[in-house]
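As a plain string of letters, each chain reads:
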Amino acid sequence: MCQPKVTLVVSPRERFSYTQPSLESIYDHTQYPFELVYVDGGSPPPIKTYLTAQAQEKNFELIRVDQLLTPNQSRNIGLAQVKTPYVVFVDNDVVVSSGWLKALVECAEETRAAIVGPLTCQDEPVHETIHFADGVAHVIVDVKGRRRLREKMTRQGQQVANTLSKLERSPAELVEFHCMLVNMDVFEAMGPLDENFLNTKEHVDLCMAVTEAGGSIYFEPNSLITYVPGIAWTLADLHFYMLRWSDAWETISLEHLKQKWNLSEDTYFTQKHKALGWRRRQMILSPLLDRLTLGVFKHQFFEKVTFGLVKDRFFEKVFMYGLLTPIDRILNKYLTDRHARKWLNPAMGASGLPVTAAPSLGILQRKTDENSSAA
C-alpha cells in the first residue's frame, strides 16, 4: 500500500452531537489513502468513549484535550502531528462523498496550489444545496485612501443538480475551513494558524495571507462535501455552541482582523458588530421560544393568524428581543468570562500565540516549484 500524501485533521466546529455520522462518512466514502488526526476538545463522556474506541479500531491518532477549544487552537494541535505533504482540515459536522479527497489532492498536485477547496453544501439531505463554491477575499483601497475588505461567497443556496455541470476547477481567493486542503509548505513558511482569531474570519486571514505570499488557491468542484448545521438539546452542545459563537470571541476576532490587515472601520465591521449573537438567536433562542410557547409564536403561524391588530413582529420584539436576548447576553458573557478565567493564560491574553508575520513574497511558489522538480 502506498504511503499517504495527506493527513486529515478533524476537529470540533460548534457541537459534538454529529461526531459519529461525520467520522463514519469519512471511512465509508474515502478510498484514497490518508492519515487521520482527531482533535477532541472537551467532548462529553459518550463522545469521548466513542472516539477512543474508534481510534483503536481504525488506528488513527486521537488527541484529547479536557477543555473547549477555539477552532484554530484545535487545528494547530492537529497540525503539529502532520508529517505528510498535505493536510486537510475537516470540521466534525461534515459529510463527505465518494472521491472527495482524491479530487482535492489531484488538484493540488496538478495546479501546485497552496490551498484547495471543495464544493461545499449545507443541510440535510446532504450534497443537494450549495453553501459555498468559491469566493472573493481581498483588500481594496478606496478613493479616500481607506483599506476595505471585500469578501463574498458564490453560489450559496443554489441546487447541486442544476449547477454542478456548470462548475469547473478554477482559481479562487477564498476557501472555508469546513473542508480545506493546504500544502504543508504554507505552514513552514508562515508558521501555525493565527490563534488571535477566536471564532470567525480565520479562513479569510489565511487565504489572504497565502495570496499575499505568492501562493495560489483553487476551487475543485469534483470534490463534494456537506456541512450539517444544528445542535442537540444537550448541555454539552448548548455550552459549546454558546461559547463558540460568543459575542466576546467574535468581537475580538473582528478587531484582530481589522488591526492585522490595517482595515478601516466601515460598514463591513459595523454590520458584523450589529449582528452579534445572530447564530445563537437562530439556533437556540428561536427554537427555545417555540418550545416555551408550544409553537404559538412560529412565524408561519402568524402569517395566517392575527390577534386583533397585533401581528408576529410585535411578539418577536417582545419575547425574542425584550426577554430572551437580554438573558442570552448575560449568560453568554458569564460563560465566556468563566472560560477565560479557567483556561486562558493571562500572560498571553486571549491568544496562545503571537500574531504570525506574513512570509516574504514568492516563498510559497518557490517551494511548490521545488517540490514539483523533486517529484
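Quick caveat, the model's predicted, so the values are computed rather than measured.

**Student:** Quick question: what am I supposed to make of the overall build of the protein here?
**Tutor:** The secondary structure content of the protein amounts to 14 helices and 12 strands. Sorting the 375 residues of the protein into buried and exposed places 54% on the buried side. Within the protein, contacts between residues separated by at least 24 positions form 80% of all contacts whose residues are at least 6 apart in sequence. Summed over all atoms, the accessible surface of the protein reaches about 17,700 Å², with 54% contributed by carbon and sulfur.

**Student:** What's the story with the pattern of salt bridges in this structure? I'm lost.
**Tutor:** Side chains bearing opposite charge may pair, as long as their charged atoms lie close to each other. Summed over all chains, the structure comprises 23 salt bridges. Among the salt bridges present, the one from R13 reaches D93, with a minimum N-O distance of 3.8 Å. Of this pair, R13 sits in the loop between strand 1 (6–11) and helix 1 (19–29) while D93 sits in the loop between strand 4 (86–91) and strand 5 (94–96), placing them 80 residues apart in sequence. For the pair formed by R13 and D93, the shared burial category is buried. Put simply, R169 and E110 hold a salt bridge, and the shortest N to O gap is 2.8 Å. Here R169 is found in the loop between helix 5 (160–163) and strand 10 (170–172), whereas its partner E110 is found in helix 4 (residues 100–111), with 59 residues between them in sequence. Several salt bridges converge on common partners, so that one network encompasses R13, E14, R75, D91, D93 and E202.

**Student:** Before we go on, may I ask you to explain helix 3 (residues 71–79) in this structure?
**Tutor:** Given 3.6 residues per helical turn, the α-helix brings residues three or four places apart onto the same face. Burial analysis of helix 3 places eight of its nine residues in the buried class, the great majority of the element. Buried residues along helix 3 sit against strand 1, strand 2 (35–41), strand 4, helix 6 (185–190), helix 7 (202–212) and helix 8 (235–244).

**Student:** What exactly am I supposed to notice about helix 4 here?
**Tutor:** Spanning 12 residues, helix 4 covers 17 Å between terminal C-alpha atoms, matching the ideal 16 Å at 1.5 Å per step. Of all the residues in helix 4, the buried ones are W100, L101, A103, L104, V105, C107, A108 and T111. In the segment just after helix 4, R112 is the residue with positive phi, at about 60°.

**Student:** Looking at this structure, how should I read the pairing of strand 3 (residues 61–65)?
**Tutor:** In the case of a regular strand, side chains alternate between the two sheet surfaces. Judged from the five bridges that link them, strand 2 and strand 3 form a sheet pairing that is parallel. Looking at strand 3, one finds that D40 is bridged to R64. For the crossover that starts at strand 2, traverses helix 2 (residues 45–58) and ends in the parallel strand 3, the hand is right-handed.

**Student:** Please explain the packing of aromatic side chains as it appears in this structure.
**Tutor:** Any two aromatic rings considered together are summarised by their centre-to-centre distance and by the angle between their planes. Inspection of every chain in the model, using the stated rule, returns seven aromatic pairs. Seen from their ring centres, F16 and F240 are 4.9 Å apart, and the 20° between their planes marks the pair as stacked. Of this pair, F16 sits in the loop between strand 1 and helix 1 while F240 sits in helix 8, and the two are 224 residues apart along the sequence. As far as burial versus exposure is concerned, F16 and F240 are alike and both buried. Through a chain of ring-to-ring contacts, three or more aromatic side chains come together here, namely Y27, F34, Y38 and F60. The ring centre of W245 lies 4.0 Å from the NZ or CZ of R244, which sits over that ring. When the ring centre of W233 is taken as reference, the NZ or CZ atom of R291 above it lies at 4.3 Å.

**Student:** Teacher, can you tell me more about the environment of L181 here?
**Tutor:** On the secondary structure map, L181 appears in strand 11 (residues 179–183). The residues touching L181, leaving out its near neighbours within four places in the chain, are Y86, V87, V88, L104, V105, A108, A114, I115 and V116.

**Student:** I would appreciate a short explanation of unusual backbone geometry in the present structure.
**Tutor:** The amide bond that connects E124 to the next residue, P125, takes the cis arrangement and shows omega of 0°. By secondary structure assignment, the location of P125 is in the loop between strand 6 (115–122) and strand 7 (129–132). Even without being a glycine, K201 presents a positive backbone phi close to 70°. Residue position: K201 is located in the loop between helix 6 and helix 7. A residue is classified by how much of its surface remains accessible, and K201, at 7% relative accessible area, is buried.

Calculation notes
- Residues numbered from 1 in each chain as written.
- Predicted model: local features only at pLDDT ≥ 70, side-chain atom pairs only at ≥ 80, totals over all residues.
- Heavy atoms only, no water.
- Helix = DSSP H or I, 4+ residues; strand = E, 2+ residues; numbered from the N terminus.
- Buried < 20%, exposed > 50% of the residue type's maximum accessible area, 1.4 Å probe, protein only.
- Contact = heavy atoms within 4.5 Å.
- Areas by Shrake-Rupley, 256 points an atom, 1.4 Å probe, with all protein chains shown as cover.
- Salt bridge = Lys/Arg side-chain N within 4 Å of Asp/Glu carboxyl O.
- Expected span 1.5 Å × (residues − 1).
- Pairing = 2+ DSSP bridges.
- Right-handed = clockwise from strand over helix to strand, strands pointing away.
- Phe/Tyr/Trp six-rings, centres within 6.5 Å; stacked < 30°, edge-to-face > 60°.
- Lys NZ or Arg CZ within 6 Å of the ring centre and 35° of its normal.

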